[in-house]
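Here's the letter readout for the chains.
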Amino acid sequence: MPQSLTLPKGQIALPAFLPDATRGTVRGADAQDVADAGIQAVVMNVFHLMQRPGSSTIKALGGLHAMFGWQGPILTDSGGFQAFSLIANQPQSGSITDQGLLFRPEGAKRPFRLTPEKSVQLQLSYGADVVVCLDVCTHVDDPLEVQERAVDRTIAWAVRCKRTFERYLDQQHWEGPRPMLLGVVQGGGIRDLRRRCADELLEIGFDGYGLGGWPLDADGNLLEDLIGFTRELIPGDYPMHALGVGRPDYVARCAKLGYDLFDSALPTRDARRGRLFQAENGDPIRQNYLYIHDETYIKDPRPIDETCDCYTCQRYGRSLLRHLFKTHNPLYPRLATIHNLRHMTRTMAALRDTASATPSASQP
């Protein structure tokens, strides 16, 4: 397994959690808050950014790093998952063909077209350090014909993404660390399809790979067997991204399966809604939840987690945080977000320490 990634905007020690800065910022915190929490890289999304603030604005302001004040690496999601979700829930809002996607979100003044070529071009022109191929996302329980069509398109689109990526870097006469391009393994719950998709993507050749499809079942449980099977299809020297996995215990389980990158809005969304993470007996890999709205904390001066070194825990107690939450004070989401992000970076550091202390199978 790789221990780090070297990218245009710096290195990422693996495994790593990347919070969702979907529209350019992590909700409830600024770029310095995020960096101070130990976050190494963030995820932004083409689907949203191409609409607002818009590609011409991003480029005019010097790209995502300059516009949003984040100096570390950025992984840009292709936008496919959001576009497919929109079209699945509102069929009148768009269409999917072999060429790509056409969609018009509610309230938009015009339709938007997203092809494999355009997705990669936008991601690179925005200044992304890690680019994700446009793929066709399915639910694990979708029927065979839906999964087959999704895999066929994912593979065909991956070829076009790779061609566009290489052409762009050649035209730019790229020097120094290159951006990475990730292919995404689809196939739903059908293992033969996942194997075919992985084999075809490996033949095309990418810098890393992603877990395609929703990672949870209908009850919200981690599809651990399928996730583990998908990791086994990709040689261990390639980094692999568990797209959409962000619950701390799920992250720990996927890291043990060999995944290197994780992203989700869950930790920051939980923070804003009052669910705060705690390390059990000082071990962040074994986490508990604290629900800040509980009356138990009305007069509790203790920090959220007495083992946490974040800005919030070093300065504020549960009583104040509950007061801010109950009075809808805008300071609350910032302080809560800082804490949950720091819990995630402590978890990743503990997972890295565990991995480095465990002898590999090749060692005597």
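Residues numbered from 1 in each chain as written. Predicted model: local features only at pLDDT ≥ 70, side-chain atom pairs only at ≥ 80, totals over all residues. Heavy atoms only, no water.

(A) Broad picture of the pattern of salt bridges. Counted according to the given criterion, the structure contains 14 salt bridges. Between R196 and D152 there is a salt bridge, and its shortest N-O distance comes to 2.8 Å. Of this pair, R196 sits in helix 7 (residues 191-204) while D152 sits in helix 6 (residues 144-171); the two residues are 44 residues apart in sequence, bridging distant segments of the chain. Relative accessible area serves as the criterion here: at 31%, R196 is assigned to the partly exposed category. The class of D152 is partly exposed, set by a relative accessible area of 42%. Through salt bridges with shared partners, a single network forms among D300, R302 and R318. (Salt bridge = Lys/Arg side-chain N within 4 Å of Asp/Glu carboxyl O. Helix = DSSP H or I, 4+ residues; strand = E, 2+ residues; numbered from the N terminus. Buried < 20%, exposed > 50% of the residue type's maximum accessible area, 1.4 Å probe, protein only.)

(B) Molecular detail of the sheet that holds strand 13 (residues 261-264). Strand order in the open sheet made by the eight strands is 3-13-12-11-10-9-5-4, with parallel pairing throughout. Each edge of the open sheet is held by one strand with a lone partner, namely strand 3 (16-19) and strand 4 (42-45). Direction aside, neighbouring strands of the sheet carry axes that sit 25 degrees apart on average. Two elements, strand 9 (residues 130-132) and strand 10 (residues 180-185), share three bridges in a ladder whose sense is parallel. Paired with V131 across the two strands is L181, which belongs to strand 10. Contacts from helix 2 (residues 46-60) reach strand 4 and strand 5 (74-77) within the one sheet, and its direction differs from that of strand 4 by about 60 degrees. (Pairing = 2+ DSSP bridges. Axes fitted to C-alpha atoms, helices over the stretch in contact; angles between N-to-C directions. Contact = heavy atoms within 4.5 Å.)

(C) Focus on a positive patch on the surface. Taken together, the side chains of R23, R27, R52 and R273 make up a positively charged region of the molecular surface. Note on placement: R273 falls in helix 10 (residues 266-273). (Patch = residues over 30% accessible without salt bridge, like charges linked within 9 Å, V, L, I, M, F, W, Y side chains within 5 Å. Areas by Shrake-Rupley, 256 points an atom, 1.4 Å probe, with all protein chains shown as cover. Lys, Arg positive; Asp, Glu negative; His and termini not counted. Charge placed at Lys NZ, Arg CZ, Asp CG, Glu CD.)

(D) Summary view of the environment of E148. Mapped onto the secondary structure, E148 falls in helix 6. Once the C-alpha coordinates of E148 and G187 are considered, the two residues, 39 residues apart in sequence, prove to be 7.2 Å apart. Residues in contact with E148, not counting those within four places in the same chain, are L193 and R196.

(E) Structural context of the sheet that holds strand 8 (residues 112-114). With antiparallel pairing, the three strands of this open sheet are ordered in space as 6-7-8. Each end of this open sheet is capped by a strand with a single partner; those strands are strand 6 (94-96) and strand 8. Within the sheet, the average angular offset between the axes of one strand and its neighbour, ignoring direction, is 15 degrees. Inspection of the sheet shows strand 7 (residues 101-103) paired to strand 8 by three bridges, in the antiparallel sense. Across the sheet, residue L101 finds its bridge partner in strand 8, namely L114. Those strands touched by helix 4 (residues 80-89) are strand 6 and strand 7, and its axis lies near 60 degrees from that of strand 7.

(F) Seen up close, the side chain of T138. With respect to the element layout, T138 can be found in the loop between strand 9 and helix 6. Judged by its relative accessible area of 7%, T138 is buried. In this view, T138 contacts V146, Q147, A150, Q186, G188, G213 and W214; residues no more than four positions away in its chain are not counted.

(G) Structural view of the pairing of strand 15 (residues 283-291). Where strand 14 (residues 275-280) meets strand 15, six bridges bridge the pair, whose relative direction is antiparallel. Following the sheet pairing, L276 is matched in strand 15 by L290. Between strand 14 and strand 15, which pair antiparallel and follow one another directly, the connecting turn spans two residues, one of which, N281, has a positive phi of 55 degrees.

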